[in-house]
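Here is how the chains run, residue by residue.
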Amino acid sequence: MSSEESSHVYRLHSTLELPLEDLHDHIDSATYPDGVTDVEITRRNNTLILKAVAEDESVSKYTPTAQLKASVTENRVYEEDPEERRNAFRWEDDEEEEIESELVEYAAFKGDRETVLQNSLLQYEMFLVLRDIAEASEKGTLTAISERDGQLEATRVVDGEVRPADVEVVEGPRDSTSTKSGVNWRDNKFISD
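Residues numbered from 1 in each chain as written. Predicted model: local features only at pLDDT ≥ 70, side-chain atom pairs only at ≥ 80, totals over all residues. Heavy atoms only, no water.

**Student:** Hey, could you run me through the overall build of the protein chain in this one?
**Tutor:** Assigned secondary structure in the protein chain consists of 5 helices and 9 strands. Here the protein chain holds 193 residues, and the buried ones make up 32% of them. Relative to all contacts within the protein chain whose residues are 6 or more apart in sequence, the contacts with residues 24 or more apart total 63%. (Helix = DSSP H or I, 4+ residues; strand = E, 2+ residues; numbered from the N terminus. Buried < 20%, exposed > 50% of the residue type's maximum accessible area, 1.4 Å probe, protein only. Contact = heavy atoms within 4.5 Å.)

**Student:** Looking at this model, I keep getting lost on the environment of Ile 49. Mind explaining?
**Tutor:** Note that Ile 49 resides in strand β3 (residues 47-54). Take Ile 49: its relative accessible area is 7%, and that puts it in the buried class. Each C-alpha atom, one on Ile 49 and one on Leu 68, is 5.8 Å from the other, the two residues being 19 residues apart in sequence. For Ile 49, the contacting residues outside a window of four places in its chain are Glu 40, Ile 41, Thr 42, Arg 44, Gln 67, Leu 68 and Lys 69.

**Student:** Got a minute to help me understand the nonpolar core in this structure?
**Tutor:** Inside soluble globular proteins, nonpolar side chains tend to come together where they are buried. Among the nonpolar cores identified, the biggest contains 34 residues, and Leu 23, Leu 50 and Phe 109 are the most heavily contacted of them. Where this core is concerned, the elements lending two or more residues are β1 (7-19), α2 (20-29), β2 (36-44), β3, β4 (67-78), β5 (101-112), α5 (123-136) and β7 (141-148). For this core, the leading source of residues is α5, giving 8 residues. Those residues in contact with Leu 23 that sit more than four places away from it in its chain are Leu 18, Leu 48, Leu 50, Ala 107, Phe 109 and Ile 133. (Core = buried A, V, L, I, M, F, W, Y, C linked by side-chain atoms within 4.5 Å.)

**Student:** What is the right way to look at the pairing of strand β8 (residues 151-158) in this model?
**Tutor:** As a general feature of sheets, a regular strand has side chains that alternate between the two faces. Bridge count between β7 and β8: 8 bridges; the pairing is antiparallel. Of the residues in β8, the one forming a bridge with Thr 141 is Val 158. A loop of 2 residues connects β7 with β8, the two strands running antiparallel in sequence, and Asp 149 in this loop sits at a positive phi of about 50°. As judged from the 2 bridges shared by β8 and strand β9 (residues 161-162), these two strands associate in the antiparallel manner. Within β9, the position partnered with Val 157 by the bridge is Val 162. (Pairing = 2+ DSSP bridges.)

**Student:** Please explain the packing of α2 against α5 as it appears in this structure.
**Tutor:** The axes of two packed helices give the description: the angle between them and the distance between them. It is the contact of α2 with α5, at a shortest axis distance of 11 Å, that shows an interaxial angle of 130°. As judged from the angle between their axes, α2 and α5 are oblique. Helix-helix and strand crossings are classified by hand; for α2 and α5 the assignment is right-handed. Where α2 abuts α5, its residues Leu 23, His 26 and Ile 27 lie against Val 129, Asp 132, Ile 133 and Ala 136. Residue composition of the contact of α2 with α5, by class: 5 nonpolar, 1 polar and 1 charged. (Axes fitted to C-alpha atoms, helices over the stretch in contact; angles between N-to-C directions. Parallel < 35°, antiparallel > 145°, perpendicular 65-115°, else oblique. Left-handed = near helix turned anticlockwise from the far one by under 90°. Nonpolar A, V, L, I, M, F, W, Y, C, P; charged D, E, K, R; others polar.)

**Student:** So what exactly am I meant to see when it comes to the environment of Glu 55 here?
**Tutor:** Residue position: Glu 55 is located in the loop between β3 and β4. Remark: the alpha-carbon pair of Glu 55 and Asp 34, spanning 21 residues in sequence, is separated by 7.9 Å. Excluding anything up to four places from it in sequence, Glu 55 contacts Gly 35, Val 36 and Thr 37.

**Student:** Explain α2 here, please?
**Tutor:** Every α-helical turn comprises 3.6 residues, leaving residues that sit three or four positions apart pointing alike. Every buried residue of α2 is listed here: Leu 20, Leu 23, His 26 and Ile 27. Seen end-on, α2 carries its buried residues on one side only, within an arc spanning 120°. Away from its buried face, by an angle of more than 90 degrees, α2 presents the exposed residues Glu 21, Asp 28 and Ser 29. In this structure, the buried side of α2 is in contact with β1, β2, β3, β4, β5 and α5. (Arc of directions from axis to C-beta.)

Written out as structure tokens, the structure reads:
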């Protein structure tokens, strides 16, 4: 039984952000899980796709492998915090020096499973790639419930730090066949045939 058959991602929520350059460096030096030989990065406008390249050569080139999807945003990064500068000692002249800054592109993996992690072939393996990206990110959270070899696993990474997580079973909505509220229109004495 392959790991793809015995592993699954049930829930996932991500708010991860990291500089695009850091993401490329991370992917270039990453060790991939079994079943994945490489991760191809494609950019279409402001969308970034990280697609698994299957180790199994019998997989058709037309079979979509799992992919991670991120949006690309630009953030202005200052060499020094502008708020600290405003509060710092000011010189006698009223002329303020311009603070050095640059626009930096960020990859933002934001959303739930269907938004961030797409396609089922090698889905769990690409989740592991995303978890590694989360551990390399300084900003954002990744939470997930996955299954590996019949065991449920909870994942929680906050600002690059792995945190304790548990899978908690809670009572869901009541069975819809139990007592219904409202009017039974089919058997109502006030409505004639």
